[in-house]
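So the chains spell out like this:
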4 protein chains.
Amino acid sequence: MKVTVVAGNPKPESRTLAAGALLAEVIAGRPADSVVDVITLGAPLLGWGDATVKAAVASVAESDLVVFASPTFKATYTGVLKLFLDQFAGATGLAGVVAIPLMLGAGPAHALAPELLLKPVLVELGAICPTQGLYLTDSSYDQPGALDAWLTQWRPTLDRLLGTAA
Amino acid sequence: MKVTVVAGNPKPESRTLAAGALLAEVIAGRPADSVVDVITLGAPLLGWGDATVKAAVASVAESDLVVFASPTFKATYTGVLKLFLDQFAGATGLAGVVAIPLMLGAGPAHALAPELLLKPVLVELGAICPTQGLYLTDSSYDQPGALDAWLTQWRPTLDRLLGTAA
Amino acid sequence: MKVTVVAGNPKPESRTLAAGALLAEVIAGRPADSVVDVITLGAPLLGWGDATVKAAVASVAESDLVVFASPTFKATYTGVLKLFLDQFAGATGLAGVVAIPLMLGAGPAHALAPELLLKPVLVELGAICPTQGLYLTDSSYDQPGALDAWLTQWRPTLDRLLGTAA
Amino acid sequence: MKVTVVAGNPKPESRTLAAGALLAEVIAGRPADSVVDVITLGAPLLGWGDATVKAAVASVAESDLVVFASPTFKATYTGVLKLFLDQFAGATGLAGVVAIPLMLGAGPAHALAPELLLKPVLVELGAICPTQGLYLTDSSYDQPGALDAWLTQWRPTLDRLLGTAA
């Protein structure tokens, strides 16, 4: 099983990335195999056909599980993340990939954004999004128990799809 | 495997119900075990605790696969369907149920509604919604091939979750 | 100027209604002229053509300002409110009406729902929704200052449209 | 009255831009005063503080009417447009600006996207979005009558807010 984290924060090595990596590790039982810190792809994200961008897209597309993590900007995911998602083919770009929409914010007011806004983009690319979108607070995402309620509710479904049941 | 169709059309025995039944049968390979034509539950939908409504809720909750079908009213699902969904417990009411959001409309303009609007309600109830929401046109839902593109894309995922692979 | 409050709580004389009435009064500078406590319309909401329901629809449609208030059920507005909205004609049913989407919830997690989910239904009916949708907490909606931030941001626009500027 | 068009197509001088300019001209009765073809701002969009980007943001923010135009990528607005919107301050960045969410697509399936997805971002920035979001088809946006239904419904509201009534 290939596990990947995609982080769409304009700042590299962000808390967004750390939260995505933490979630992927908790689900998979081991660290992610691959990380795409989107902003490090730089200006080629604004066009099409760059080899490094294409390699990143291919790496994500061949993954079994991908956490797509974004900070909350203007009550939704970032332009940086969407730039990267725009590089995938519609309907097939994430076909067969189990994807988790994850967003972080300063407070709870935008907690519906991963479910209502980020998930539909991933599904449009063909991703299988079997869980509810997850929203975490910047200041507490790595505290003990922060993921517990979500994991209790959705882990059995992920295990069925990924074959990760103990 | 228990297969159920829920139809939220204010008119009983509607095309909405027929479309839901058709989709359920195509997925399961046999007719649905149970049908809830919500409007037939009548005035008790406006309150809480009616025995017949509670039995319908319980029947849906114990299903393995449920197609939730609605006509498109005001660019979203109907009040009739939402009345029924309001009877379920949040987070747990549809826990473990694989649910398909299905909407029918007169034309294609509201095709995003099942994914953006109906699916999040089902997920909020705990349902597993592994496919993209499906939108069909009133006049063609039962034509040959109407379901093909959606089935080609999403059937493998349903088969993995439901154990319905041939 | 005719000012109306529509409340979609399954319980009559709810806090939802009180919050809607409070908001309408603060905007208009005087109590609302008319209140539709939807649940009191009863079983005729499930069909079409009832005279009392039609009179309520007409009263709302001829208003200048309407606050549409709903509790948050399953992360969105109630089936009861949507039943009533389904009685209006698409595109024209609320034409010329300035409408405020208002939702109340137990906590802040669903704060995006009025903007993302309730407002589009009102706009689909032709309503002018010039403000951001407003979300208030059950336990604090009537506390001093609860409406201040929203009013500071949106009151000038309402005043321009309604001619209510001092 | 300052009228501005913002186009978020990864290709400069796109049909998206032409459609936005057409809509602005029809509403204002004369060509737009200013055009921001976002992609021409280039790599500085990926960071903060670039003088040219800041000047573009300021020009948009001081406008009275802005058409925000995007092609439909992955069933929603582009990453390019969101990158630019991420440069504005939340709640105040578009305060006092009357904004029209406009999206173009190859077919009608994504017609709900401007209302459900693009408008809430503009409102989060403080924009006044008094009309329904407008969706046009690539191949027909400039045909006679393409804007008629939308204009008939929403022009009176724009005229009231902008003082553009004849």
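Note that the structure is predicted; figures quoted are calculated from it, not measured.

Visitor: Just to check I follow, could you spell out the overall build of chain A for this structure?
Guide: Of the regular secondary structure elements, chain A holds five helices and five strands. Along chain A, from the amino end to the carboxyl end, the secondary structure elements read β-α-β-α-β-α-β-α-β-α. Taken over the C-alpha trace, chain A has a radius of gyration of 15 Å; the compact-globule value for 166 residues is 15 Å, and the two agree within 12%. By principal-axis analysis of the C-alpha atoms, chain A measures approximately 40 × 35 × 25 Å. Taken across its 166 residues, chain A has 62% of its residues classed as buried. In chain A, of all internal contacts separated by at least 6 residues, the share reaching a separation of at least 24 is 78%. Of the roughly 5,500 Å² of accessible surface on chain A, a fraction of 54% belongs to carbon and sulfur atoms. On chain A, the mean spot of the 10 positive side-chain charges and the mean spot of the 14 negative ones are 3 Å from each other.

Visitor: How should the interface of chain D and chain A be read in this particular structure?
Guide: Interface extent is often summarised as the accessible area lost during association of the parts. Contact with chain D, which involves 26 residues of that partner, is made by 26 residues of chain A. Between chain D and chain A we count eight residue pairs in polar contact (both at pLDDT 80 or more) in total. Elements supplying a minimum of two residues to the side of chain D that touches chain A: helix H3 (79-85) and helix H4 (113-124) of chain D. Ranked by residue count, the leading element in the side of chain D that touches chain A is H3 of chain D, at five residues. Partitioning the side of chain D that touches chain A into residue classes produces 16 nonpolar, six polar and four charged.

Visitor: Which parts of the structure should I look at to understand empty space enclosed by the protein?
Guide: Empty space left among the atoms is revealed by rolling a probe the size of a water molecule over them. For the structure on display, the rule yields eight cavities of 30 Å³ or more. Roughly 120 Å³ of volume is contained in the largest cavity. Surrounding the largest cavity, 18 residues form its lining, Thr76 and Leu117 of chain B, Leu117 and Pro120 of chain C together with Leu116 of chain D being those nearest its centre. Per-element tally for the lining of the largest cavity: the top contributor is helix H4 (residues 113-124) of chain C, with four residues. Of the residues contributing to the lining of the largest cavity, the split by class is 12 nonpolar, three polar and three charged. Put simply, the second largest cavity is a space of about 80 Å³.

Visitor: What is the right way to read the relation of the copies chain B and chain A from this model?
Guide: The operation relating the two chain copies consists of a rotation about an axis and a shift along that axis. Rotating chain B by 180° and moving it 0.0 Å along the rotation axis overlays it on chain A with an RMSD of 0.0 Å. In the structure described here, the two chain copies are related by an operation that fits a two-fold rotation axis. Judged by C-alpha distance, proline 130 of chain B is the residue of chain B that lies nearest the rotation axis, at 2.2 Å. Take the interface residues of chain B: 100% of them recur as interface residues in chain A, which is what a same-surface contact looks like.

Visitor: Looking at this model, I keep getting lost on the interface of chain B and chain A. Mind explaining?
Guide: Listed by partner, the interface residues are 18 residues for chain B and 18 residues for chain A. Considering only the surface of chain B that becomes buried against chain A, Val123, Arg160 and Leu161 of chain B emerge as the three largest contributors, covering 29% of it. Inspection of the region where chain B meets chain A yields zero salt bridges. Between the two partners, chain B and chain A, sit six residue pairs in polar contact (both at pLDDT 80 or more). Of all the secondary structure elements, the ones that give two or more residues to the side of chain B that touches chain A are helix H4 (113-124) and helix H5 (148-162) of chain B.

Visitor: What exactly am I supposed to notice about the sheet that holds strand E2 (residues 34-37) of chain B here?
Guide: Strand pairing in a sheet relies on backbone hydrogen bonds, with the paired strands running either antiparallel or parallel. Residue and element names in this part refer to chain B. Strands sit in the order E2-E1-E3-E4-E5 across an open sheet of five strands; the sheet is parallel. Two strands lie at the open edges of the sheet, namely E2 and strand E5 (134-137), each paired on one side alone. Ignoring which end each strand starts from, the neighbouring axes of this sheet average 20° apart. Here strand E3 (residues 65-71) runs beside strand E4 (residues 98-105); their pairing, made up of seven bridges, is parallel. From the neighbouring strand, leucine 65 faces E4, where its bridge partner is valine 98. Contacts between H4 and the sheet are confined to E3, E4 and E5, with E4 contributing the most and set at about 140° to the helix.

Visitor: Help me understand the relation of the copies chain D and chain A in this model?
Guide: Of the two same-sequence chains, chain D is brought onto chain A (RMSD 0.0 Å, axial shift 0.0 Å) by a rotation of 180°. Taken as a fraction of all interface residues of chain D, those also at the interface in chain A reach 100%, which identifies the copy contact as same-surface.

Visitor: Explain the UniProt feature "domain: NADPH-dependent FMN reductase-like" (unreviewed entry) in chain A here, please?
Guide: The UniProt entry lists residues 1-137 of chain A under the feature "domain: NADPH-dependent FMN reductase-like" (unreviewed entry), expressed in the numbering used here. In residues 1-137 of chain A, the share of helix is 32% and the share of strand is 20%. The end C-alpha atoms are 29 Å apart.

Visitor: Explain the packing of aromatic side chains to me, please; I cannot follow it from the model alone.
Guide: For any pair of aromatic rings, geometry is given as the distance between the ring centres together with the angle between the planes. Enumeration according to the criterion identifies 10 aromatic pairs over all chains in this entry. Here the aromatic rings of phenylalanine 73 of chain A and tryptophan 48 of chain D are separated by 6.2 Å at their centres, their planes lie at 45°, and the arrangement is tilted. Placement of the pair is phenylalanine 73 of chain A in the loop between strand E3 (65-71) and helix H3 (79-85) and tryptophan 48 of chain D in the loop between strand E2 (34-37) and helix H2 (51-61), with the two residues belonging to separate chains.

Visitor: Got a minute to help me understand the sheet that holds strand E4 (residues 98-105) of chain A in this structure?
Guide: All names here are of chain A. Pairing is parallel in the open sheet, where five strands are placed in the order E2-E1-E3-E4-E5. Only two strands of the sheet have a single partner each, and these edge strands are strand E2 (34-37) and strand E5 (134-137). Across this sheet, the average inter-strand angle for adjacent strands is 20°, counted without regard to direction. Sheet topology places strand E1 (residues 3-7) next to E3; five bridges connect them, and they run parallel. Bridge pairing in E3 links valine 5 to valine 67. Along the sheet face, helix H5 (residues 148-162) touches E3, E4 and E5 and points at about 155° away from the line of E4.

Visitor: How should I be thinking about the pairing of E4 of chain A in this particular structure?
Guide: The side chains of a regular strand alternate between both faces of the sheet. Residue and element names in this part refer to chain A. With eight of its eight residues buried, E4 lies for the most part within the structure. The side-chain alternation of E4 yields two buried faces, one formed by Val98, Ile100, Leu102 and Leu104 and the other by Ala99, Pro101, Met103 and Gly105. For the segment spanning E3, H3 and E4, crossover handedness is right-handed. Of the pairings in the sheet, the one linking E4 to E5 comprises four bridges and is parallel in character. Following the sheet pairing, leucine 104 is matched in E5 by leucine 136. Remark: the E4/helix H4 (residues 113-124)/E5 crossover connection has right-handed handedness.

Cut-offs used in this document
- Per chain, residue numbering runs from 1 following the sequence as it is written.
- Chains and ligands are labelled sequentially in the order written, the chains with letters from A and the ligands with numbers from 1.
- Restriction of local features to residues with pLDDT of at least 70 applies here, the model being predicted, together with a cutoff of 80 or more for giving and counting side-chain atom pairs; totals for whole chains, interfaces and linings are based on all residues.
- Computation of side-chain values covers all heavy atoms of the structure but excludes hydrogens and water.
- Helix numbers and strand numbers start at the N terminus; a helix is a DSSP run of H or I with at least 4 residues, a strand a run of E with at least 2.
- Atoms counted for the radius of gyration: C-alpha only. Globule rule: 2.2 Å times the number of residues to the power 0.38.
- Using a 1.4 Å probe on the protein chains alone, a residue whose accessible area is under 20% of its type maximum counts as buried, one over 50% counts as exposed, and one in between counts as partly exposed.
- Whether two residues are in contact is decided by their heavy atoms, any of which lying within 4.5 Å being enough.
- Values of accessible area rely on a 1.4 Å probe in the Shrake-Rupley scheme; residue burial ignores everything except the protein chains shown.
- The sign given to each residue is positive for Lys and Arg and negative for Asp and Glu; His and the chain ends receive no count.
- Lysine's charge is taken at NZ, arginine's at CZ, aspartate's at CG and glutamate's at CD.
- The definition of a polar contact used here is a pair of N or O atoms within 3.5 Å, where within protein one atom must be able to donate a hydrogen and the other to accept one, and adjacent residues in sequence count solely through side-chain atom pairs.
- Just so you know the grouping, Ala, Val, Leu, Ile, Met, Phe, Trp, Tyr, Cys and Pro go in nonpolar, Asp, Glu, Lys and Arg go in charged, and all remaining residues, Gly too, go in polar.
- Throughout, the protein atoms alone are placed on a 1 Å grid, and a set of points is a cavity if a 1.4 Å probe fits but cannot get out or a pocket if it is open with protein on both sides within 12 Å along at least five of seven lines; lining residues have an atom within 4 Å of a point.
- Grid points are joined across faces, edges and corners, and a volume is the space filled by probe spheres set on the points.
- Superposing the copies works by least squares over the C-alpha atoms of residues that have pLDDT at least 70 in both of them.
- Accessible area, probed at 1.4 Å, shrinks when two parts are joined; the buried area is that loss added up over both.
- Only one rule defines a salt bridge in this text: a Lys or Arg side-chain nitrogen within 4 Å of an Asp or Glu carboxyl oxygen.
- Any two strands are treated as partners once DSSP identifies two or more bridges connecting them.
- Convention adopted: a line fitted to C-alpha atoms gives each axis, helices being fitted over their contacting stretch, and angles between N-to-C directions are expressed from 0 to 180 degrees.
- UniProt positions are given in the numbering used here, feature names are shortened, and annotations may be inferred rather than shown by experiment.
- Stacked, tilted and edge-to-face pairs are distinguished by plane angle, under 30 degrees for stacked and over 60 for edge-to-face with tilted covering the rest, among Phe, Tyr and Trp rings (Trp via its six-membered ring) whose centres lie within 6.5 Å.
- The crossover handedness rule: strands pointing away from the viewer, path from first strand over the helix to second strand clockwise, crossover right-handed.

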